[in-house]
Amino acid sequence: MNMGCIFSWFRSRSNPQHFEQVQDEAPKVYSWDKKDRSKAQDFIIENHKGEILGRMPGTVDGQQLVIQNCQECNIYVFDYSATVSIDDCTNCNIILGPVKQSVFVRDSHECRLVVACQQFRARDCRHIDSFLLCETQPVIESSSKMRFASFKFNYPELESHLKASELSIFNNNWSNIHDFTPVPEEGLNYTYLPEDAKVEDFIPLPTAEPFSTILVSTDANHCIIPQTLGLRRKPSDEGCLIVFFNDGGSHDRAVNLIHLMKRQHPDCPLVQTKEIIMHPEDAFRIFSTQSYASAVKQGAVIGLEFCGPQVMRKCQACVVAIMTGTTGLVFVSQQASSARSQINSFFHFANMQMGL
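The rules we used
- Residues numbered from 1 in each chain as written.
- Predicted model: local features only at pLDDT ≥ 70, side-chain atom pairs only at ≥ 80, totals over all residues.
- Heavy atoms only, no water.
- Salt bridge = Lys/Arg side-chain N within 4 Å of Asp/Glu carboxyl O.
- Helix = DSSP H or I, 4+ residues; strand = E, 2+ residues; numbered from the N terminus.
- Buried < 20%, exposed > 50% of the residue type's maximum accessible area, 1.4 Å probe, protein only.
- Pairing = 2+ DSSP bridges.
- Core = buried A, V, L, I, M, F, W, Y, C linked by side-chain atoms within 4.5 Å.
- Contact = heavy atoms within 4.5 Å.
- Axes fitted to C-alpha atoms, helices over the stretch in contact; angles between N-to-C directions.
- Parallel < 35°, antiparallel > 145°, perpendicular 65-115°, else oblique.
- Left-handed = near helix turned anticlockwise from the far one by under 90°.
- Nonpolar A, V, L, I, M, F, W, Y, C, P; charged D, E, K, R; others polar.

**Points about the pattern of salt bridges**
Reasoning step 1: Taken as a whole and assessed by the stated rule, the structure comprises nine salt bridges.
Reasoning step 2: Where Asp-129 meets Arg-147, a salt bridge forms, and the shortest distance between an N and an O atom there is 2.9 Å. Here Arg-147 lies in strand β11 (residues 144–150) and Asp-129 lies in strand β9 (residues 126–134), a separation of 18 residues in the sequence.
Reasoning step 3: Residue classification places Arg-147 among the partly exposed residues on the basis of a relative accessible area of 32%.
Reasoning step 4: A salt bridge links Lys-234 to Glu-305; its shortest N-O distance comes to 2.9 Å. Within this pair, whereas Lys-234 is found in the loop between β13 (190–192) and β14 (239–244), its partner Glu-305 is found in strand β16 (residues 301–307), the two being separated by 71 residues in sequence.
Reasoning step 5: Residue classification places Lys-234 among the partly exposed positions, given a relative accessible area of 32%.
Reasoning step 6: Here Glu-305 falls in the buried class, since its relative accessible area comes to 0%.

**Focus on the pairing of β11**
Reasoning step 1: As judged from the six bridges shared by β9 and β11, these two strands associate in the parallel manner. Bridged to Arg-126 within β11 is Ser-144.
Reasoning step 2: Across three bridges, β11 lies against β13 in parallel orientation. Pairing of Met-146 across the sheet is with Tyr-190, part of β13.

**Considerations on the pairing of strand β7 (residues 99–106)**
Reasoning step 1: Judged from the four bridges that link them, strand β5 (residues 84–87) and β7 form a sheet pairing that is parallel. Residue pairing for β7: Val-84 is matched across the bridge by Val-103.
Reasoning step 2: Summarising the sheet, β7 and strand β8 (residues 109–123) pair through six bridges and their orientation is parallel. Note that in β8 the partner of Phe-104 across the bridge is Arg-121.

**Describing the nonpolar core**
Reasoning step 1: Formed by 48 residues in total, the largest nonpolar core has its most connected members in Phe-151, Ile-242, Phe-244, Leu-257, Leu-304 and Phe-306.
Reasoning step 2: Counting residues per element, the ones that place at least two in this core are β8, β9, α3 (158–164), β14, α4 (250–264), β16, α6 (311–323) and β17 (330–332).
Reasoning step 3: Take this core: its biggest share by element is seven residues, from α6.
Reasoning step 4: What Ile-242 contacts, discounting residues up to four positions off in sequence, is Leu-257, Ile-302, Gly-303, Leu-304, Phe-306, Cys-315, Val-319, Val-330, Phe-331 and Val-332.
Reasoning step 5: Ile-75, Val-77, Cys-117 and Ile-177 belong to the second largest nonpolar core, which has 35 residues in total.

**Here we look at the packing of α4 against α6**
Reasoning step 1: Running from N to C, α4 and α6 point in directions that differ by 130°, and their axes come no closer than 10 Å. On the basis of the axis angle, α4 is oblique to α6. The element α4 and its partner α6 pack so that their crossing is right-handed. Contacts between α4 and α6 involve Arg-253, Asn-256, Leu-257, Leu-260, Met-261 and Gln-264 on the former and, on the latter, Lys-314, Cys-315, Cys-318, Val-319, Ala-321, Ile-322 and Met-323.
Reasoning step 2: In terms of residue class, the contact of α4 with α6 is made up of nine nonpolar, two polar and two charged.

Encoded structure:
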């Protein structure tokens, strides 16, 4: 018998009324006892085979999600999560809404994924195709035959879910894969999907209730996340750097420019994009002028790299069309001799800022 029990028993023997009071007192309730654990199962998808399942908007709401031990399932999560773990899944198609932190894929095989997240990690996996938005460098370990492409999927709540997850559509390192366990004599453990790869050719779109009520699109032209060439081979050595400085409308202008360039100049693909914070001294090192020292103080800047024949002339014309009638500030490469240096300086700085 512990001392607390002895003390209560002694006092109750000397004072019967006190014994009744002790019996009537409610037990202490601690903060960890107040959590509602009855709904924990709502955030676990496990032990399913050959089913169509998932979560609708508002049902995950930023919680941690677990997907494990599923076979031949189509899983659709139209909501944002804190983290997602995918374990021991085979031949599954999985579409995830934005994930604020990490997506871990472990011991899974023959799966197709659509993922937007801050971190992507795959370990002990084989034959995984991923359409990816990842703010940091995706990592694979002890995995083989992994294939990657840029995220190209849309649903009505995607933009608000990206904001809730604090993910930028311009910070997508989908192609910059780090392999912890390369096997040089066997070639790369990862490759890229074809540039024109379509999500619907890999993952069936939802046709069963309630997921069929979600208006989804896999058209890259309608995706709010820019489609980038990434580390694929560039079709041209000619490049152009465009940087939009924050004035409240820079985000929309950058998006409009990307769409305009794609419509008018499909021979000049978007190579990479970044949204970062800069300081006046950083701007001077990159642009070799003090002209942008005040502009970078207004918030994050958005940098775009295009490449292709006569790309600077084409970018300059499109920027003029986008900026007409506005007071925003934008930088556009003017000379081929300095464009490559500007591109390298800006994106090297951006990668350093993001720890890449």
